[in-house]
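Take a look at the letters that make up each chain.
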Amino acid sequence: MGGFTLNDILATRKPRDSWWTVFMVDPLACRLALLAANHTSVTPNGLTRLSMLVGFASAAAFAEGMLVAGAALFYLSFTVDCMDGKIARLKGTGTPFGLWLDYVGDRVRVVCCAFGWGFGEYSRSGDPEFVLAAVGVVVLDLFRYINGPQLKRVKDATRALVESRLDGQCVLAESVLRARPRSELERAAGEAAAGDGATVVDLQKAFHARFPWYDRFRVFLVRRRVRTHVMSGIEFHAAVFVVGPLLGARALVPVSVVAGGLLLVFEMSLVYRVWLAARQVPDTAAEREKIMI
């Protein structure tokens, strides 16, 4: 077996991740991944399948009314799910099929766990709100994972359109800033231009003009390896399948409603940002200065 160190594992973490993963899961997942890498021959796909099996156990526990056990198993399932990517990047053993398996496994786990506590609590209480909440959880989860790739397509199309309008390559301000504040935008733009001669454009001018506090928030999170979408699908799952069950059956519906509302708010904020950026694309040469640094 390999002689990997914890630093090797830490190097495989994503540059930015959800705050739930960064603070609540990765500290354990990294250490378990180190043990798996050094003492087993488990593959990333094997870990994904294990994560699904533990997820099914979580759904069964929810259905039987064992909410605390279900929450613990869901957390364990997600922790194992976080290990597969680390092992894949560490050993170079990831496969294209593994991407599909990981994605579909996550969706199946959510559906099973949602209906596990939804129909389980309905059978014990006769209250249809549990079933309606479970359906809402599944619909919102699907919406989140449909909306994300579509927004990425729009962002890529916007960038491609800007490049064509500027008659050459361009670099987005977000790419050169990363963890730096926008107050350093001009210096960062100069460095990028000196590096490869590319024009630096800022498609987020309109958004930051409306929300000047956002940049300080962004820098604070990025420097801690946390992405700015603070209520993503991962936090939604954590609220619905870990926090809610730990608080008891009476908390399942309220927690799901609040978490679902926050998820929608943050998804709409992403849509709003992408919409504003798309509107920044210049129609004529005279309008190019609007987005150039």
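Residues numbered from 1 in each chain as written. Predicted model: local features only at pLDDT ≥ 70, side-chain atom pairs only at ≥ 80, totals over all residues. Heavy atoms only, no water.

Looking at an unreviewed UniProt entry, one finds the protein chain named CDP-alcohol phosphatidyltransferase family protein, with Microbispora triticiradicis as its source organism. According to the UniProt record, the Sequence similarities (unreviewed entry) comment for the protein chain is "Belongs to the CDP-alcohol phosphatidyltransferase class-I family." (UniProt positions renumbered as here; feature names shortened; annotations may be inferred.)

Regarding the overall build of the protein chain
What the protein chain contains, in helices and strands, is 12 helices and two strands. Its helices and strands in sequence order give the protein chain the pattern α-α-α-α-α-α-β-α-α-β-α-α-α-α, from N to C terminus. Looking at the 293 residues of the protein chain, the share that counts as buried comes to 47%. When contacts within the protein chain are restricted to residue pairs at least 6 apart in sequence, those whose partners lie at least 24 apart make up 76%. (Helix = DSSP H or I, 4+ residues; strand = E, 2+ residues; numbered from the N terminus. Buried < 20%, exposed > 50% of the residue type's maximum accessible area, 1.4 Å probe, protein only. Contact = heavy atoms within 4.5 Å.)

Considerations on empty space enclosed by the protein
Under the defined criterion, the tally for this structure stands at two cavities of 30 Å³ or more. The calculated volume of the largest cavity comes to roughly 60 Å³. Lining the largest cavity, in full, are Trp20, Val25, Phe74, Tyr75, Phe78, Ile234, His237, Ala238 and Val242. Those elements that provide at least two residues to the lining of the largest cavity are helix H2 (19–39), helix H4 (67–91) and helix H11 (233–247). Tallying contributions element by element places H11 first for the lining of the largest cavity, with four residues. Of the volumes computed, that of the second largest cavity is approximately 40 Å³. Contributions of two or more residues to the lining of the second largest cavity are made by helix H3 (44–63), H4 and helix H5 (96–125). With four residues, H5 is the largest single contributor of residues to the lining of the second largest cavity. (1 Å grid on protein atoms, 1.4 Å probe; cavity = no way out; pocket = protein on both sides within 12 Å on 5 of 7 lines; lining within 4 Å. Points joined across faces, edges and corners; volume = space filled by probe spheres on them.)

A few points about the UniProt feature "transmembrane region" (unreviewed entry) in the protein chain
The positions that UniProt labels "transmembrane region" (unreviewed entry) are, in the present scheme, residues 50–76, 226–247 and 253–272. Here residues 226–247 is 68% helix and 0% strand, with 26 Å between the C-alpha atoms at its ends. For residues 253–272, helix accounts for 100% and strand for 0%, while the C-alpha atoms at its two ends are 28 Å apart.

What to know about the packing of aromatic side chains
Applying the stated criterion across every chain, the model contains 14 aromatic pairs. Aromatic pair tyrosine 103 and tyrosine 145: ring centres 6.2 Å apart, planes at 80 degrees, arrangement edge-to-face. Highlighted residues: tyrosine 103 in helix H5 and tyrosine 145 in helix H6 (residues 129–165), separated in sequence by 42 residues. Residue classification places tyrosine 103 among the partly exposed positions, given a relative accessible area of 39%. By the ring-pair criterion, three or more aromatic residues cluster together here, those being Phe207, Phe211, Trp213, Tyr214, Phe217, Tyr272 and Trp275. (Phe/Tyr/Trp six-rings, centres within 6.5 Å; stacked < 30°, edge-to-face > 60°.)

Considerations on the nonpolar core
Soluble globular proteins tend to bury their nonpolar side chains together. The biggest cluster of nonpolar side chains holds 44 residues, and the ones touching the most others in it are Trp20, Met83, Trp117, Val137, Phe236, Val240 and Phe241. In this structure, Leu172, Leu203, Ala277 and Val281 belong to the second largest nonpolar core, which totals seven residues. (Core = buried A, V, L, I, M, F, W, Y, C linked by side-chain atoms within 4.5 Å.)

Regarding a nonpolar patch on the surface
Side chains of Phe143, Leu264, Met268 and Val271 sit close together on the surface and give an oily, nonpolar patch of about 290 Å² of accessible area. Of the residues forming the nonpolar patch, the biggest block, three residues, is contributed by helix H12 (residues 249–279). Relative to the assigned elements, phenylalanine 143 resides in helix H6. Owing to a relative accessible area of 30%, phenylalanine 143 belongs among the partly exposed residues under this scheme. (Patch = residues over 30% accessible without salt bridge, like charges linked within 9 Å, V, L, I, M, F, W, Y side chains within 5 Å. Areas by Shrake-Rupley, 256 points an atom, 1.4 Å probe, with all protein chains shown as cover. Salt bridge = Lys/Arg side-chain N within 4 Å of Asp/Glu carboxyl O.)

Considerations on the state of the cysteines
One pass over the full model with this rule turns up zero disulfides. Not engaged in a disulfide, the cysteine cysteine 30 finds its nearest cysteine sulfur in cysteine 82; these two sulfurs lie 8.9 Å apart. (Disulfide = S-S within 2.5 Å.)

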